[in-house]
Amino acid sequence: ESPTELVLREWETGNSAVPISDATLLEILQDMGRPDVIQDIGLQVPELVHFQVEATTSSTIRVAWEPASQDITHYVVEIKPPGGAPWWSYHTQENGNRTFVFENLDAETECDIRIQPSIQKINGEWTNITAKTNAV
């Protein structure tokens, strides 16, 4: 039994001592030439084609994104103001509207923004950008 087959068997039985990311499992199954298993377990890693700042005002930042597949079910969009503040998290369902507006921000403030796409319970990687609100 190859290491790849052992990892797959352990994952299937839920006995894996090491957490395996969906991206790693997808890569293993692709290397094994097992698209049938990928299809059977419906394994897809949610990804975005792009994530960008679409517009800014003195108190808002609008971001936009494009998913890599139509299978994405929801997103988590977060913003982190400067100064050690925690991330502010917003959940949005996939409904064809692929923009989000952060409101009530301070003028001339640079913020870190990130998004994580998901397909059901499979979470994709975070994509990060930085944006700054305009002067008043």
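Residues numbered from 1 in each chain as written. Predicted model: local features only at pLDDT ≥ 70, side-chain atom pairs only at ≥ 80, totals over all residues. Heavy atoms only, no water.

S.K.: How should the sheet that holds strand β5 (residues 99-102) be read in this particular structure?
M.R.: Remark on secondary structure: sheet strands pair via backbone hydrogen bonds, oriented parallel or antiparallel. Read from one edge of the open sheet, three strands run β1-β2-β5, paired in antiparallel fashion. Each edge of the open sheet is held by one strand with a lone partner, namely β1 (48-56) and β5. Across the sheet, the mean angle separating the axes of adjacent strands is 20 degrees when strand polarity is ignored. Pairing geometry for β1 and strand β2 (residues 61-67), over seven bridges, is antiparallel. Residue pairing across strands places T56 opposite I61, the latter belonging to β2. (Pairing = 2+ DSSP bridges. Helix = DSSP H or I, 4+ residues; strand = E, 2+ residues; numbered from the N terminus. Axes fitted to C-alpha atoms, helices over the stretch in contact; angles between N-to-C directions.)

S.K.: Which parts of the structure should I look at to understand the pattern of salt bridges?
M.R.: Where charged atoms of side chains with opposite charge meet at close range, the side chains can pair. According to the stated counting rule, one finds four salt bridges in the structure shown. A salt bridge links E78 to R114; the shortest N-O distance between them is 2.6 Å. Of this pair, E78 sits in strand β3 (residues 74-80) while R114 is found in strand β6 (residues 110-119), placing the two residues 36 residues apart along the sequence. Neither E78 nor R114 differs from the other in exposure class; each is buried. Residues R98 and E94 are paired through a salt bridge, measuring 3.1 Å at the closest nitrogen-oxygen approach. The exposure class assigned to R98 is buried, which follows from its relative accessible area of 16%. Salt bridges sharing partners connect three or more residues here, namely E66, E94 and R98. (Salt bridge = Lys/Arg side-chain N within 4 Å of Asp/Glu carboxyl O. Buried < 20%, exposed > 50% of the residue type's maximum accessible area, 1.4 Å probe, protein only.)

S.K.: Please clarify how the packing of aromatic side chains should be interpreted in this entry.
M.R.: Two measures describe an aromatic ring pair: the distance that separates the ring centres and the angle between the ring planes. Scanning the entire structure with this criterion turns up four aromatic pairs. Where W65 meets Y75, the ring centres are 5.0 Å apart and the plane angle is 55 degrees; that geometry is what we call tilted. A residue pair is termed long-range when its members are at least 10 positions apart, and W65 in strand β2 and Y75 in strand β3 qualify at ten residues. The exposure class of Y75 is buried, given its relative accessible area of 1%. Between Y90 and F102 the ring centres are 5.7 Å apart and the planes differ by 65 degrees, which places this aromatic pair in the edge-to-face class. Linking Y90 in strand β4 (residues 88-93) with F102 in strand β5, this pair joins segments that are twelve residues apart in sequence. For Y90, a relative accessible area of 32% translates into the label partly exposed. (Phe/Tyr/Trp six-rings, centres within 6.5 Å; stacked < 30°, edge-to-face > 60°.)

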